[in-house]
Amino acid sequence: MQTKLHDLILTAVFKNCHKLSMKFFFLLLVNLMLMLPSFQSVNAQSLKDTLSIQTVVIVGRKKMDKIEQPHTEVDSMAIAKSGTVRLSELLSQNSPLFIKEYGRGAMATASFRGTAPSHTKVSWNGLELNSPMLGMVDFSLIPVYFTEEVKLLHGTSSLIESAGALGGTILLDNLANWNNTLSGKVLSGFGSYRTLDEYIQINLGNRKIQSKSSIFYNASQNDFPFVNKLNATLDPVTGQYIFPSERNKNADYTNYGLLQEFYLQVGPNQTLSLKTWLQHNDRSIPQLLTNESNEAANINRQIENTLRSVAEWRHFGNKSRLTVLSAIQLQNSDFRLENAVNGASDQLVMDAHAKVSSFINKFSYRFRYNDTFILESGVEANFHSVASENKIFLGANAGYNKNRLENSIFARVEKQFNSSWDAQFLVREELIDAVHKDILPLLRVNFSPNPLKPLLISGSLAQNSHQPTLNDLYFIPGGNPLLKSEKGIFADMGATYDFSIGSDQFHSGISVFESEVRNWIIWLPTFQGYWEPSNIEKVNSNGFEANIAWNGHFRGIRYGLKGNYAYTETTNQSAGSPAYGKQLPYIPLNSANLNFNLAIAGFQLDWMWNYYSKRFTTTANSEASASDYIYPYIMNNFQLSRLIPLKNNILTIQAKILNVFNEDYRTVLQRAMPGRNFQMVIRYDF
Amino acid sequence: MKRNYLLIPLIILFTGCMKDDSWVRAHLMQSGIEIPAGSLFVVNEGNFMYGNASLSSYDTLKRVVQNDLFYKVNGLPLGDVAESMTIWNNSGYLVVNNSGKIYVMDIRNGKYTGKITGLTSPRYFHLISEQKAYVTDLYAGKISIVNPTTNLITGSISCPSHPSTEEMAQIGTLLFVTCWSADKTVLVIDTEKDQVIQEISTGLQPCGIVADIHHKIWVLCQSLPGNSPSALAMLQRIDPVSRSIEKSFSFPAGAKPVKLTSDGKGENLFYLLGNSVYKMAVLADMLPDKAILSPPSKLLYGLGIDPSNGDIYVSDALDYQQSGTISRFSATGSPVGTFQAGIIPGRFCFN
């Protein structure tokens, strides 16, 4: 019954969405561009000329609103300027996260403080995007278009949102602008390898109601050229190697989606919002560089249709805030692998389908007892259902059909003791299928040595746990219903300091972290010829993160520099393990990024630099072979924008050079990566 | 000049100091290698979709191992999931399953001399004559015919209803081929006509197949993963004259034997069961109830018997994500030594 309803909804939605075509987008774009002159006369909320004022330092203690948590906020300008990038690219350029990409347009997962991809949670307006089946999020499929605020909660801070994010949580939020009457943006981009990006957003409303409608289309043949140095033919005369010039094959992708937001001021103290996000993803996964099989062999296609919808009601009392949220996430995924061989009929090697449904319900109540004491409590009830089927798995069907009920109750106390000290204590109880699982406490203490100076020292200690995914427990063959949850103790301490020198403003932050996780889940092959998950005894993770930001202006020139650095040691500490004391594969010890920007006379220059140190591919951290590790990765991207004010609106023409120095680089073994490539974006904000 | 010195750290900071070429060159052998006659080759599968398969060579007399031989000699990675190796006429035919090709290598020095490409998911290579060899395949539903002299695909033998073909054993002009994955068939092929002439129904998932000294064919049937206790693993003997099963031995419920092989003379069969090695004389009336070896190990994965002296080699894949360990024992089971190989050492190929 549930599966039928899931199918009915997604089929009804995507049947019509499939009719969208490039022609439609171009027609819509053209029509909107023709209507531009009429928009110019409307005093909509839009980007205005910059007016410089003298810096004023405000001194004083604000009424306690919330306890500071270690977090990273991706600058709203960075989000606005990112234009066509995916969330994976935005995060790799603006945060200490390690993003592991399987190729351009291919899957991208995140590692927060050395943890596994399933240990990083992503929440979109209160709805967790992590698949209950796989546990992880594919960041390459999240368009930056569909979010306005990106905030990262590091380590223990994630517990204020939910349990299970052993590394941290990424919050993506969309907000209402109650001053808006009519505004929007139109974006069109084209780039190397026949890449297209189209995006339209229209915002309408008044003080009572706001509507934001967005659609995007993104596609690429992704057929970049390269010389394949991993295959060679022998010259019959000289015996020298002949390396083939190839194109990245079977790597095309097409993504499109729609986001509709409604915000309503129900009363003077109540707001209601409804956000619905539909998305279609269609891509192929290319073969490894060493593949020299039959041209028509191992052809694959991955298709996903997703519907996400979040409804939230908030009530603001004199001293309280009540929040009720309900959300739904429906996802259909299909993966086909075919071998079409001359002289033999097509072999459907794999035909995997998965239907994932999630129903989320949250209630929280926050009460400010007085200026120095806040209480908050909440309850959550989530229901997940997975129907997974792998047809024609070499003759034997595999898969499972399982549900899970997750409940969570939390209580939180925030206390400001004096102008220097404040603290937060939170405790969560987690239940799975009505069975108590864990009590998870968090204690955070903040210290500001001089309230007149923006130096903040913070420390925390917490226990967190991550439940096995439904695949971990029930996948056939191999799922292990006896798996234990991953549990750990987490601690961190850090400091942030903001200061200014003249008109230049500086922000700096540093934090050290340490964690010990038991029963870490890892999939390994077995005698029976399939893989099974099991609990490794212990994994320790420790390191530190640092960030800086510098903004200033001089004679009409605005400049800025932002940087992030992370040192992460994540080691297997299971006694008797052949990998004892070794860094987990694919986690770099060092990662860093720098962003430099300059704005002058209507031009903006952005230089983005990224670095990941060597990553081991084996648990023994060997370097005996070129396959045992991936060499350090440095990437430079450059962006030049011209902003042209058109009365109250802005036309932006943007040119990007990606991989400026045409670097060889590897993110995983034997995947082709593009050389220097280009992108042009035209954007109109009104 | 001073300005140039300032530029250097900036250049290093902003550009990568490692390139693909320098990365590979750093691991190349500086001079050639001579592989002694009689060396053992270990085919290391590597991890699926990692592309880290490799080849090791082991001098059985001096007990010296050379790992990552192919990559270090040739500067080319072997590929993704190396499944097997066959030696003929000083050439090693390395079947790289998930790269759709077979590398040809001079076994005296490890040098790449050619390759057969355009296959789908090749598994094993069996030489019929100087101009003909068969290559089985996991998905293609056919056996490819290749010319080992020219390294070209010259034809195929269609195997309808059997997508997967695996190991091969030959008696006279008849070749017996197991259809492993989710199947229960052994195909009989006339190697003169390149045709399937008969299908023999066997136990579930026949994988290993060997010929013995009495010209009988032995097949190890693994049974399906997670199947009911009634579907048992089996060791079956086929008479190539009548082309039928003449004897079947059933393993206990839950047993998953793998890696069937024989000694050089074909008088004894060997297989792995759990973390132990079992030996059975081809004339025995029942399966052995005791192992001949149970070496301390995490995960026994591969088994090989030296045809020249009966030495037993077993591989331990450890956690499947690092170099495995090879343990060598004499024919009587006395430990001789151990050495490290590559990731998931799966097959042994004796020169």
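Residues numbered from 1 in each chain as written. Chains lettered and ligands numbered in written order. Predicted model: local features only at pLDDT ≥ 70, side-chain atom pairs only at ≥ 80, totals over all residues. Heavy atoms only, no water.

## Overview of the overall build of chain A
Right, so step 1: When helices and strands are tallied, chain A shows six helices and 35 strands.
Right, so step 2: Sequence separation of 24 or more characterises 63% of the internal contacts of chain A that already satisfy a separation of 6 or more.
Right, so step 3: Element-wise, carbon and sulfur atoms account for 60% of the exposed surface of chain A, whose accessible area totals about 29600 Å². (Helix = DSSP H or I, 4+ residues; strand = E, 2+ residues; numbered from the N terminus. Contact = heavy atoms within 4.5 Å. Areas by Shrake-Rupley, 256 points an atom, 1.4 Å probe, with all protein chains shown as cover.)

## So, the overall build of chain B
Right, so step 1: The number of helices and strands found in chain B is three helices and 27 strands.
Right, so step 2: Dimensions along the principal axes, computed over C-alpha positions, put chain B at roughly 85 × 45 × 40 Å.
Right, so step 3: Counting over 351 residues, chain B shows a buried share of 60%.
Right, so step 4: Within chain B, contacts between residues separated by at least 24 positions form 42% of all contacts whose residues are at least 6 apart in sequence.
Right, so step 5: Working note: accessible area of chain B is about 13800 Å², and carbon and sulfur atoms make up 53% of it.
Right, so step 6: Considering chain B, the positive charge centre built from 28 side chains and the negative charge centre built from 29 side chains are found 7 Å apart. (Buried < 20%, exposed > 50% of the residue type's maximum accessible area, 1.4 Å probe, protein only. Lys, Arg positive; Asp, Glu negative; His and termini not counted. Charge placed at Lys NZ, Arg CZ, Asp CG, Glu CD.)

## A short note on the environment of B:Leu232
Residues and elements named next belong to chain B.
Right, so step 1: The residue Leu-232 is located in the loop between strand 17 (217–221) and strand 18 (234–239) in this model.
Right, so step 2: Accessibility expressed as a relative area gives 27% for Leu-232, which makes it partly exposed.
Right, so step 3: Distance from Leu-232 to Leu-204, taken between C-alpha atoms, is 8.0 Å for residues 28 residues apart in sequence.
Right, so step 4: Those residues within four positions of Leu-232 in sequence are excluded, and the remaining contacts are Ser-223, Ser-250, Phe-251, Pro-252 and Ala-253.

## Some remarks on the sheet that holds strand 5 (residues 127–128) of chain A
All names here are of chain A.
Right, so step 1: A sheet is described by the order of its strands in space; here five strands give the open sequence 1-6-7-4-5, paired in mixed fashion. Only two strands of the sheet have a single neighbouring strand rather than two, namely strand 1 (71–74) and strand 5.
Right, so step 2: The pairing of strand 4 (residues 120–124) with strand 5 spans two bridges and is classified as antiparallel. If you follow Trp-124 over to strand 5, its bridge partner there is Leu-127. (Pairing = 2+ DSSP bridges.)

## Topic: the pairing of strand 33 (residues 633–646) of chain A
All names here are of chain A.
Right, so step 1: Relative to strand 33, strand 30 (residues 603–612) runs antiparallel, the two being bridged by ten bridges. Bridged to Gln-604 within strand 33 is Ser-641.
Right, so step 2: When strand 33 meets strand 34 (residues 649–658), the two strands line up antiparallel, connected through ten bridges. Pairing of Gln-639 across the sheet is with Lys-656, part of strand 34.
Right, so step 3: Following strand 33, the chain reverses through two residues before pairing antiparallel with strand 34; Lys-647 in that reversal takes a positive phi of roughly 55 degrees.

## Considering empty space enclosed by the protein
Residue and element names in this part refer to chain A.
Right, so step 1: One pass over the full model with this rule turns up nine cavities of 30 Å³ or more.
Right, so step 2: The computed volume of the largest cavity comes to approximately 470 Å³.
Right, so step 3: If you go around the largest cavity, you meet 32 residues; those closest to its centre are Lys-121, Glu-128, Ala-163, His-384 and Glu-406.
Right, so step 4: For the lining of the largest cavity, the secondary-structure elements that each account for two or more residues are strand 4, strand 19 (347–370), strand 20 (373–391), strand 21 (398–416), strand 22 (421–432) and strand 24 (455–466). (1 Å grid on protein atoms, 1.4 Å probe; cavity = no way out; pocket = protein on both sides within 12 Å on 5 of 7 lines; lining within 4 Å. Points joined across faces, edges and corners; volume = space filled by probe spheres on them.)

## Some words on the side chain of A:Thr618
Right, so step 1: Mapped onto the elements, A:Thr618 comes out in the loop between strand 31 (615–616) and strand 32 (629–630).
Right, so step 2: Given a relative accessible area of 2%, A:Thr618 falls into the buried group.
Right, so step 3: Apart from the residues lying within four places of it in its own chain, the contact partners of A:Thr618 are A:Pro585, A:Asp628, B:Gln321, B:Gln322 and B:Ile343.

## Remarks on the interface of chain B and chain A
Right, so step 1: Counting residues at the interface gives 58 residues for chain B, matched by 59 residues for chain A.
Right, so step 2: At the junction of chain B with chain A, the criterion picks out three salt bridges.
Right, so step 3: The salt bridge partner of A:Glu292 is B:Lys115, with a shortest N-O separation of 2.7 Å.
Right, so step 4: Across the chain B-chain A interface, the total number found is 23 residue pairs in polar contact (both at pLDDT 80 or more).
Right, so step 5: Contributing elements (two or more residues each) for the side of chain B that touches chain A: helix 1 (2–14), helix 2 (20–25), helix 3 (69–74), strand 6 (101–106) and strand 7 (112–116) of chain B.
Right, so step 6: Looking at the side of chain B that touches chain A, the element that brings in the most residues is strand 7 of chain B, giving four residues. (Salt bridge = Lys/Arg side-chain N within 4 Å of Asp/Glu carboxyl O. Polar contact = N/O pair within 3.5 Å; in protein donor to acceptor, adjacent residues only side chain to side chain.)

## Considerations on the pattern of salt bridges
Right, so step 1: All told, the structure shown has 37 salt bridges over all chains when counted by the stated rule.
Right, so step 2: Put simply, A:Arg113, A:Arg444, A:Asp492 and A:Glu545 are held in one network by salt bridges that share partners.

## Describing the side chain of A:Ser273
Right, so step 1: Relative to the assigned elements, A:Ser273 resides in strand 16 (residues 270–283).
Right, so step 2: If we ignore the near neighbours within four places in the chain, the residues touching A:Ser273 are A:Phe262, A:Tyr263, A:Val310, A:Ala311 and A:Glu312.

## Focus: the environment of A:Phe190
Residue and element names in this part refer to chain A.
Right, so step 1: Turning to its location among the elements, Phe-190 is positioned in strand 8 (residues 182–191).
Right, so step 2: Residue Phe-190 is classed as partly exposed on the basis of its relative accessible area, which comes to 49%.
Right, so step 3: When the C-alpha atoms of Phe-190 and Val-681 are compared, they prove to be 6.6 Å apart, with 491 residues separating the residues in sequence.
Right, so step 4: Not counting the four nearest positions on each side in its chain, Phe-190 is found in contact with Thr-195, Leu-196, Gln-679 and Met-680.

## Details of the sheet that holds strand 10 (residues 142–147) of chain B
Residue and element names in this part refer to chain B.
Right, so step 1: Read across the sheet, four strands follow the order 8-9-10-11 without closing on themselves; strand pairing throughout is antiparallel. Only two strands of the sheet have a single neighbouring strand rather than two, namely strand 8 (122–129) and strand 11 (152–158). Across this sheet, the average inter-strand angle for adjacent strands is 25 degrees, counted without regard to direction.
Right, so step 2: In the sheet, strand 9 (residues 132–137) pairs with strand 10 via three bridges, with the strands oriented antiparallel. Bridge pairing in strand 10 places Ala-133 opposite Val-146. (Axes fitted to C-alpha atoms, helices over the stretch in contact; angles between N-to-C directions.)

## Considering the packing of aromatic side chains
In this description, an aromatic ring pair is defined by two values, namely the gap between the centres and the angle between the planes.
Residue and element names in this part refer to chain A.
Right, so step 1: This structure, assessed with the given rule, holds 43 aromatic pairs over all chains.
Right, so step 2: With 6.2 Å between their ring centres and 50 degrees between their planes, Tyr-400 and Tyr-474 make a pair best called tilted. Taken together, the positions of Tyr-400 in strand 21 and Tyr-474 in helix 6 (residues 470–474) put the pair 74 residues apart, joining distant regions of the chain.
Right, so step 3: Look at Tyr-400 and you get buried, because its relative accessible area is 6%.
Right, so step 4: Clustering of aromatic rings is evident, with ring pairs tying together Trp-124, Tyr-145, Phe-146, Tyr-199, Phe-216 and Trp-277.
Right, so step 5: The ring of Tyr-474 is capped by Lys-402, whose NZ or CZ atom sits 4.7 Å from the centre of that ring.
Right, so step 6: Over the ring of Phe-603 we find Arg-642, and its NZ or CZ is 4.8 Å from the ring centre. (Phe/Tyr/Trp six-rings, centres within 6.5 Å; stacked < 30°, edge-to-face > 60°. Lys NZ or Arg CZ within 6 Å of the ring centre and 35° of its normal.)

## Structural notes on unusual backbone geometry
All names here are of chain A.
Right, so step 1: Note the cis peptide between Ile-476 and Pro-477, where omega equals 0 degrees.
Right, so step 2: Structurally, the position occupied by Pro-477 is in the loop between helix 6 and strand 25 (486–501).
Right, so step 3: The phi torsion at Asn-519 lies on the positive side, around 60 degrees, for a residue other than glycine.
Right, so step 4: Mapped onto the fold, Asn-519 is located in strand 26 (residues 504–525).

## Concerning the nonpolar core
Right, so step 1: Counting residues in hydrophobic clusters, the biggest one holds 42 residues, and the most contacted among them are A:Leu91, A:Phe139, A:Val150, A:Ile170 and A:Leu172.
Right, so step 2: Within the second largest apolar cluster, 19 residues are counted, among which are B:Phe41, B:Leu76, B:Ile107 and B:Tyr112. (Core = buried A, V, L, I, M, F, W, Y, C linked by side-chain atoms within 4.5 Å.)

## Things to note about the state of the cysteines
All names here are of chain B.
Right, so step 1: Across all of its chains, the model carries zero disulfides over all chains by this definition.
Right, so step 2: With no disulfide of its own, Cys-179 lies closest to Cys-159 among cysteine sulfurs, the gap being 6.3 Å.
Right, so step 3: Taking the relative accessible area as the measure of exposure, Cys-179 reaches 0% and is therefore buried.
Right, so step 4: No disulfide involves Cys-349; its sulfur sits 19 Å from the nearest other cysteine sulfur, which is in Cys-207.
Right, so step 5: Taking the relative accessible area as the measure of exposure, Cys-349 reaches 6% and is therefore buried. (Disulfide = S-S within 2.5 Å.)

## Concerning helix 5 (residues 87–94) of chain A
Because each turn of an α-helix spans 3.6 residues, side chains separated by three or four positions end up pointing in the same direction.
Right, so step 1: Of all eight residues making up helix 5 of chain A, seven are buried, and the element is well covered by its neighbours.
Right, so step 2: For helix 5 of chain A, the complete set of buried residues consists of A:Leu87, A:Ser88, A:Leu90, A:Leu91, A:Ser92, A:Gln93 and A:Asn94.

## Brief notes about the confidence of the model for chain B
Atom-level detail of predicted coordinates should not be read off regions where pLDDT is low.
All names here are of chain B.
Right, so step 1: Confidence in the prediction of chain B, expressed as mean pLDDT, is 91, and 93% of residues score 70 or more.
Right, so step 2: Averaged pLDDT values for the elements of chain B fall to 57 in helix 1 and rise to 98 in strand 1 (residues 40–44).
Right, so step 3: Predicted as a complex, the structure gets a pTM of 0.88 and an ipTM equal to 0.90. (pLDDT = per-residue confidence, 0-100.)

## Examining a nonpolar patch on the surface
Residues and elements named next belong to chain A.
Right, so step 1: A surface patch of nonpolar side chains, about 590 Å² in accessible area, is lined by Leu-375, Val-413, Phe-417, Trp-421, Phe-425, Leu-443 and Val-445.
Right, so step 2: Listed by contribution, the elements that provide at least two residues to the nonpolar patch are strand 22 and strand 23 (435–447).
Right, so step 3: By secondary structure assignment, the location of Val-445 is in strand 23.
Right, so step 4: Judged by its relative accessible area of 31%, Val-445 is partly exposed. (Patch = residues over 30% accessible without salt bridge, like charges linked within 9 Å, V, L, I, M, F, W, Y side chains within 5 Å.)

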